[in-house]
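# Observations on the model geometry
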Amino acid sequence: MRLLILGTGGMANQHAARFKAIEGVSVVGGVDVVPERLAAFCTEHGIANHFLSLEDALAWGEFDAVANVTPDNIHHPTTLQAIAAGKHVFCEKPLATDAVKAMEMTEAIERAGKVGMVNFTYRNSPALQKGRQMVLAGEIGAVRHVEASHLQSWLVGRHWGDWKSESKWLWRLSKKHGSNGALGDIGIHIVDFASYGSGLDVAHVFARLKTFDKAPGHKIGEYDLDANDSFTMNVDFTNGAIGTIQATRTAAGQMDQLRLRVYGETGSVEMIYDTGKSTLRACLGEDVHTASWRDVPFDPVETNYQRFVQAVRAGKTQEPSFRRAANIQKVLDKALASDLSHKDEALT
């Protein structure tokens, strides 16, 4: 498989390294509108062909698939261009900035018969995959209650850099730069994590979003700091279970933690991804009567990158698909609507 990487910012390095490590995959080109960044990226990863526009890369055309690692608001137009040119697409999340655009992309790639997958990176957690298997196998009985959180702290700590002076963080705080804030950036991860891990779909959302005062005039340079920093959701699931889903960038002491607890009629399971480390615990059987939790072993799982390559070779999309990402985006859209209306919003 010959791969073109579109967008050469920070996350693109992960794409280049992961795809190059897969046997039979060649990263044959890079695209970016910033010449210096493009040149440095291609030099670092040994990529021969450089393009300053997607149009130039498509005119060349000597590749099979595109890894779209552009900013969120660029995913929609560039992905549609790639699909029109007959390319498979592996897109960073979110698929688009709203569900209408995400569904347009989904329908376009399905009509084209091409593989379209989205990089929900935390699907790579073996604890999540094993925990989901346990839930679907009925090991905790029917799901009654779900609690999920995605906690980061880069607004209060400098472990990933200084957000006040680095554009790769500032754009994530600015609506006009294409950000939907914590909801769009990490909310999409924890909603997928909660829904996938519990095996349930969200039916109703009641949400609150919060943007904190972070600089004089809520502005740093060209960046208006108006995107949300934290959110909470109360949700109903389609099976009648209820739950809470929350995320923030202000959780000091938590670098990057996703935690999901799924409580069923006969037991519970907890899935944790914490800055690269996965943990799985369960309270089952007689342990329910003593409220005892035990670690559950799990095996390594294939990554999204590996699944995408397999899907292209087989000509059949695997999960997480464009359609899955579009459905998760509907939940985020309803959360935004709920915050404005102060009402419960139903997914239709």
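Rules behind the numbers
Residues numbered from 1 in each chain as written. Predicted model: local features only at pLDDT ≥ 70, side-chain atom pairs only at ≥ 80, totals over all residues. Heavy atoms only, no water. Helix = DSSP H or I, 4+ residues; strand = E, 2+ residues; numbered from the N terminus. Rg over C-alpha atoms; globule rule 2.2 N^0.38 Å. Buried < 20%, exposed > 50% of the residue type's maximum accessible area, 1.4 Å probe, protein only. Contact = heavy atoms within 4.5 Å. Areas by Shrake-Rupley, 256 points an atom, 1.4 Å probe, with all protein chains shown as cover. Lys, Arg positive; Asp, Glu negative; His and termini not counted. Charge placed at Lys NZ, Arg CZ, Asp CG, Glu CD. Core = buried A, V, L, I, M, F, W, Y, C linked by side-chain atoms within 4.5 Å. Axes fitted to C-alpha atoms, helices over the stretch in contact; angles between N-to-C directions. Parallel < 35°, antiparallel > 145°, perpendicular 65-115°, else oblique. Nonpolar A, V, L, I, M, F, W, Y, C, P; charged D, E, K, R; others polar. Pairing = 2+ DSSP bridges. Right-handed = clockwise from strand over helix to strand, strands pointing away.

In the annotation of an unreviewed UniProt entry, the protein chain is listed under the name Dehydrogenase and assigned to Rhizobium binae.

Bringing the overall build of the protein chain into the picture now. Check the secondary structure of the protein chain and you find ten helices and 17 strands. Since a compact globule built from 348 residues should have a radius of gyration of about 20 Å, the 20 Å found for the protein chain is in line with a globular shape. By its C-alpha atoms, the protein chain is 65 × 50 × 40 Å across when sized along the principal axes. Counting all 348 residues of the protein chain, 53% fall into the buried class. Considering only contacts in the protein chain between residues 6 or more positions apart, those separated by 24 or more positions represent 69%. Per element, the accessible surface of the protein chain, about 14900 Å² overall, is 50% carbon and sulfur. For the protein chain, the separation between the mean place of its 37 positive charges and that of its 41 negative charges on side chains is 1 Å.

Take the nonpolar core next. Grouped together as the largest cluster of nonpolar side chains are 68 residues, with contacts concentrated most on Met233, Ile245, Val262, Val269, Met271 and Phe322. It is helix α8 (residues 181-198) that provides the largest number of residues to this core, a total of nine residues. If we skip the residues at most four places from it in the chain, Phe322 touches Thr79, Ile83, Val89, Cys91, Leu95, Met105, Thr106, Ile109, Gly116, Met117 and Val118. With 24 residues, the next largest nonpolar core counts Ile5, Ala16, Val309 and Ala311 among its residues.

Right, let's talk about the packing of helix α6 (residues 126-136) against α8 for a bit. At a closest axis distance of 7 Å, the pairing of α6 and α8 adopts a crossing angle of 40°. The angle between α6 and α8 places the two elements in the oblique class. Contacts between α6 and α8 pair Leu128, Gln129, Gly131, Arg132 and Val135 from the former with Phe193, Tyr196, Gly197 and Ser198 from the latter. Grouping the amino acids of the contact of α6 with α8 by side-chain chemistry returns four nonpolar, four polar and one charged.

So, on to the pairing of strand β4 (residues 65-68). Judged by which residues are buried, β4 turns out to be covered on both faces: Ala65 and Ala67 on one side and Val66 and Asn68 on the other are all buried. In this sheet, β4 lies alongside strand β1 (residues 2-6) in parallel orientation, the contact comprising four bridges. Paired with Leu6 across the strands is Asn68, a residue of β4. In this structure, β4 lies alongside strand β5 (residues 88-92), joined through four bridges in parallel fashion. By the bridge assignment, Ala65 is partnered in β5 with His88. Each parallel crossover has a hand, and the one from β4 via helix α4 (residues 75-84) to β5 is right-handed.

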